[in-house]
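Observations on the three-dimensional arrangement
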Amino acid sequence: MQKLTLTPQSVAEALRGQPALQRREAMIQLVMLTCAIFCIFVTVGIVFILLEVGIQFFTDEYFANSGLLEQAARELAIQQGVPARELADITRLAVDERAVTFTRIAERIPNTTPEALQEYYENLKQTTSGGQKLWLAFTNSLRRFFLDNRWTPLFASKRFGIWPLVNGTVLVSAVAMMVAVPFGLLTAIYLSLYAGRQFSTLMRPIVEILAGIPTVVYGYFALLYISPIVQRIYPDAPIFNVLSAGLMMGVMIIPTVSSISIDAINAVPRSLLDGAYALGATKMEVILRVVFPAAISGIIASIILGISRAVGETMIVTVAAGQQPVAYGDSFWSALQAAINPLQSMATMTAFIAQVALGDAPAGSIEYKTLYAVGLSLFLMTLAMNLLSQYISKRFREVYE
Amino acid sequence: MTATPLTGAASRFNPRLDRRHRIGKVFEIICFLGTIAALILLVLLMIRVFSEGLARLDRNAFFAYPSQLNPQEAGFRASLLGSLWILILTVMMALPIGVGAAVYLEEYAPKNRFTEILELNITNLAGVPSVVYGMLGLGLFVRLMRLGPVVLAGAMTTALVILPVIIVAAREAIRAVPQSFRQASYGLGATRWQTISNHVLPYAVPGILTGTIIAMSRAIGDAAALLVVGGLVFVQADPGLFSRFTVLPLQIFFSIGQPQLAFRQLAAAGIIILLIVLLVLNATAIYLRSRFERQDRS
């Protein structure tokens, strides 16, 4: 007997004689489609806004001017016969238009007053075309954003090296993952393989609570409860430190790691486990040597998603990790030590965004544009990790279905 | 049946089963401890925050405006109302759009490249940090649309934050509606929309509601997006649609930043209020889910 299945298409077919009803159906479908397309607009909106102001940052006059000043300083220095090896030291001083900058540069060039330098610079500014300035701004800003190693855009003497912020973000995330990965995986293993059905169904939503607690509350815990404990163990640690912020963030991310890992573990075919048991393996051996490797791509996907959460987390780090971008010392070792020491206060990318939001930077100022340059970097970082996580978990699904 | 005696190399094989089982038992205990460790830590922290803030949880905490000068008498009135405004507006905006998108993806969408892009897009939106949504709100609603840093701009931003949460929950709820319902409805000559509105959606309501409540608790707790949109302001009046605003998490954030002990207690009191609101919301969600599940079985 043939099974009769009614599909929406066959229903639509039946409507052929009723144009009014057909029109209504089409209208409603269009409304629903609009709702779905709205989400694409949200993404486009995010990208558009971030790019719009972000591009303004990378083409800002500020950077064109410092590029021109650099050129002026170099040309004057060459005219005055400054040896070539000193040129780089002089041009490095050319960062902005403040009087102190002119004085500092003029001090290094013989027979040159700050006024003469300024005059030369203004002259150069007038003779340079708009297109050249734009190109100068673009190259100069990119160079200063990616190659400088200090971040002080809110100070009078501005430096725009993003790495100290990225460093803070990575370090906090690393501490967080050191908590979230082991505890998340232990939770996943216990709830999916050891716990009874009842206990498991009871515990899963309870573990999810950890992710539902507002992050500002975690920030409070980190600053006022965890940080004093950290200080008791390491008396030199400041009250705002990466370690306590990272620990609390790790607790927050446990459910992200555990719930996706549970799904991955549950997707491992029963026959694989039975085969291992039949060979005489104990439960732990089965879990560590069979289940774990079989579920590894799902587990890795969950960890990447957890890292992405940590990178985007704002309130915990703003409250508990401080607002101070890490400053590297001169030698390689002191820089390395500064980069990986969690017992210091360190600003992250998100903490900087919050800091600017708190300070209410006027629209159009370089500080405001910096916000979007950082936001763009943050968005791209989390997007890349989310896509990677999806790609990996998709691959793993293909294996077992 | 007797076991065959082992010969040769196999006779030297020692399974050491006792030892392996003992290690296995230890591993199980470690797993169990790992599962509950974070929860125990959370309970301890909660006990501390309750002991610190409970004394401060008086009438003033709910009905007084914030005050920088005497935190002993300050309260969360402005931020509680702000949170309520934002929450209601957010749900009003995000729920219809979210359910609409979910209905399209589950009931209408053909299997093609475009649908794939839609789905990928929603998954990615769910992973965008809320602070980035805040920057979207700041750039688009506050500056480009010239709304200013007001309640409406904040609510629109939060609506975008929770939109993916609602869509994912609503899709799951709609997918759980048995195919036979649709078949029966089509069989009676109902159109697609009649089927959806009369049979699919009513059946999916509990699931959608549960998802909405979870999204609401995210909207209440989220501070990063609203911090970027609205800044940290001192609100001394009840908020309206176009007034500047503060919300509960933001006022807690402000109080943490103050050096005086009284502010610290105020923050603790605010945290207690926030956690209780979330507890009530989540309990409602669990209650709804269990109640409707029971009805299905009977």
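Since the model is a prediction, treat every value here as computed from it, not as a measurement. (Residues numbered from 1 in each chain as written. Chains lettered and ligands numbered in written order. Predicted model: local features only at pLDDT ≥ 70, side-chain atom pairs only at ≥ 80, totals over all residues.)

Topic: the overall build of chain B
For the record, the criterion: Only runs of H or I of at least four residues qualify as helices and only runs of E of at least two qualify as strands under DSSP, and these elements are numbered from the N terminus. In this description the radius of gyration comes from C-alpha coordinates, and the expected globular size is given by 2.2 Å times residues to the power 0.38. Around each residue's C-beta, the other C-beta atoms within 10 Å are counted; 20 or more make the residue buried, 12 or fewer make it exposed, and counts in between make it partly exposed. All C-beta atoms are placed from the backbone. The contact criterion used is a C-beta to C-beta distance within 7 Å, with each C-beta placed from the backbone.
Along chain B, the regular secondary structure elements total 11 helices and 0 strands. For chain B, the C-alpha radius of gyration of 26 Å lies well beyond 19 Å, the compact-globule estimate for 298 residues. Overall, chain B is about 90 × 65 × 40 Å in size when its C-alpha atoms are taken along their principal axes. Classification of the 298 residues of chain B by burial places 48% in the buried group. Of the contacts formed within chain B by residues at least 6 apart in sequence, a portion of 75% connects residues at least 24 apart.

Some thoughts on the overall build of chain A
The helix and strand tally for chain A stands at 18 helices and 0 strands. In terms of overall size, chain A is more extended than a compact globule, its C-alpha atoms giving a radius of gyration of 29 Å where 401 residues would be expected to give roughly 21 Å. With the C-alpha coordinates of chain A rotated into their principal frame, the extents come out at 100 × 75 × 40 Å. With 401 residues in all, chain A has 45% of them scored as buried. Once local pairs closer than 6 in sequence are excluded, the contacts in chain A between residues at least 24 apart make up 75%.

Regarding the interface of chain A and chain B
Interface extent is often summarised as the accessible area lost during association of the parts. Our working definition: The nonpolar class holds Ala, Val, Leu, Ile, Met, Phe, Trp, Tyr, Cys and Pro. Asp, Glu, Lys and Arg form the charged class, and all remaining residues, Gly among them, are polar.
The interface of chain A with chain B comprises 71 residues on the first partner and 68 residues on the second. Per element, the largest residue contribution to the side of chain A that touches chain B is 19 residues, and it comes from helix 2 (residues 19-58) of chain A. When the residues that make up the side of chain A that touches chain B are grouped by side-chain class, the tally is 51 nonpolar, 17 polar and 3 charged.

Quick notes on the packing of helix 4 (residues 113-127) of chain B against helix 6 (residues 151-175) of chain B
Residue and element names in this part refer to chain B. Worth spelling out the cut-off: Note on geometry: axes are C-alpha line fits, over the in-contact stretch for helices, and angles between N-to-C directions span 0 to 180 degrees. When describing relative orientation, an angle under 35 degrees is termed roughly parallel and one over 145 degrees roughly antiparallel, while 65 to 115 degrees is termed roughly perpendicular and anything else oblique. Two helices crossing with the near one rotated counterclockwise from the far one by less than a right angle form a left-handed crossing, whereas a clockwise rotation gives a right-handed crossing.
The geometry of helix 4 relative to helix 6 is characterised by a closest axis approach of 8 Å and an angle of 130° between their N-to-C directions. One finds that helix 4 runs oblique with respect to helix 6. Classified by chirality, the crossing of helix 6 by helix 4 is left-handed. On the side of helix 4, the interface is formed by Ile122, Leu125 and Ala126, while helix 6 contributes Pro164, Val165, Ile167 and Val168. Looking at the contact of helix 4 with helix 6, its residues break down into 7 nonpolar, no polar and no charged.

Describing the nonpolar core
As a reminder of what qualifies: To form a nonpolar core, buried Ala, Val, Leu, Ile, Met, Phe, Trp, Tyr and Cys residues must be joined through C-beta atoms within 7 Å.
By size, the foremost hydrophobic cluster in this structure holds 191 residues, and its most contacted members are Tyr220, Ala222 and Met248 of chain A. Other than its neighbours up to four places away in sequence, tyrosine 220 of chain A contacts Val319 of chain A together with Ile252, Ile256, Ala267 and Ile271 of chain B. Of all hydrophobic cores here, the second largest spans 20 residues; its members include Tyr62, Ala64, Leu76 and Ala106 of chain A.

What to know about helix 7 (residues 179-187) of chain B
Residues and elements named next belong to chain B. Definition in use: What the arc describes is the spread of directions from the helix axis to the C-beta atoms.
When helix 7 is considered as a whole, its buried residues turn out to be Arg182, Ser185 and Tyr186. Take helix 7 and look down its axis: the buried residues cluster within an arc of 100°, on one side only. Of the exposed residues in helix 7, those oriented more than 90 degrees away from the buried face are Ser180 and Gly187. After helix 7 finishes, the residue glycine 189 shows a positive phi value of roughly 90°.

Things to note about unusual backbone geometry
Residue asparagine 111 of chain A is not a glycine yet carries a positive backbone phi of 60°. By secondary structure assignment, the location of asparagine 111 of chain A is in the loop between helix 5 (99-108) and helix 6 (114-127).

A look at the packing of helix 11 (residues 242-266) of chain A against helix 14 (residues 296-312) of chain A
Residue and element names in this part refer to chain A. Running from amino to carboxyl end, helix 11 crosses helix 14 at an angle of 155°, the nearest separation of the two axes being 8 Å. Compared by their axis directions, helix 11 and helix 14 come out roughly antiparallel. With respect to the hand of their crossing, helix 11 and helix 14 are arranged in right-handed fashion. Between helix 11 and helix 14, the contacting residues are Met249, Ile253, Thr256, Val257, Ile260, Ser261, Asp263 and Ala264 on the first element and Gly298, Ile299, Ala301, Ser302, Ile303, Leu305, Gly306, Arg309 and Ala310 on the second. Residues of the contact of helix 11 with helix 14, tallied by class, amount to 10 nonpolar, 5 polar and 2 charged.

Let's talk about the environment of isoleucine 206 of chain A
Residues and elements named next belong to chain A. Relative to the elements of secondary structure, isoleucine 206 occurs in helix 9 (residues 197-212). Among the residues examined, isoleucine 206 registers 13 C-beta atoms within 10 Å and is labelled partly exposed. Considered as a pair, isoleucine 206 and proline 255 are 49 residues apart in the sequence and their alpha carbons are 9.6 Å apart.

Observations regarding the environment of alanine 176 of chain A
Residues and elements named next belong to chain A. You can see alanine 176 is positioned in helix 8 (residues 163-194). For alanine 176, a count of 29 C-beta atoms within 10 Å translates into the label buried. Here the alpha-carbon distance between alanine 176 and leucine 247, two residues 71 residues apart in the chain, equals 5.5 Å. Contact partners of alanine 176, with chain neighbours within four places excluded, come to Gly246, Met249, Gly250, Ile253 and Ala310.

Describing the environment of serine 141 of chain A
Here serine 141 of chain A lies in helix 7 (residues 130-147). Between the alpha carbons of serine 141 of chain A and alanine 245 of chain A there is a distance of 32 Å; along the sequence they are 104 residues apart.

A short note on the confidence of the model for chain B
Residues and elements named next belong to chain B. How we decide: Confidence of the predictor at the level of single residues is captured by pLDDT, which takes values from 0 to 100.
When pLDDT is averaged along chain B, the result is 89, and 94% of the positions lie at 70 or above. Within chain B, helix 6 carries the highest mean pLDDT (95), whereas helix 2 (residues 59-63) carries the lowest (82). The ipTM value of the predicted complex is 0.90, and its pTM value is 0.90.

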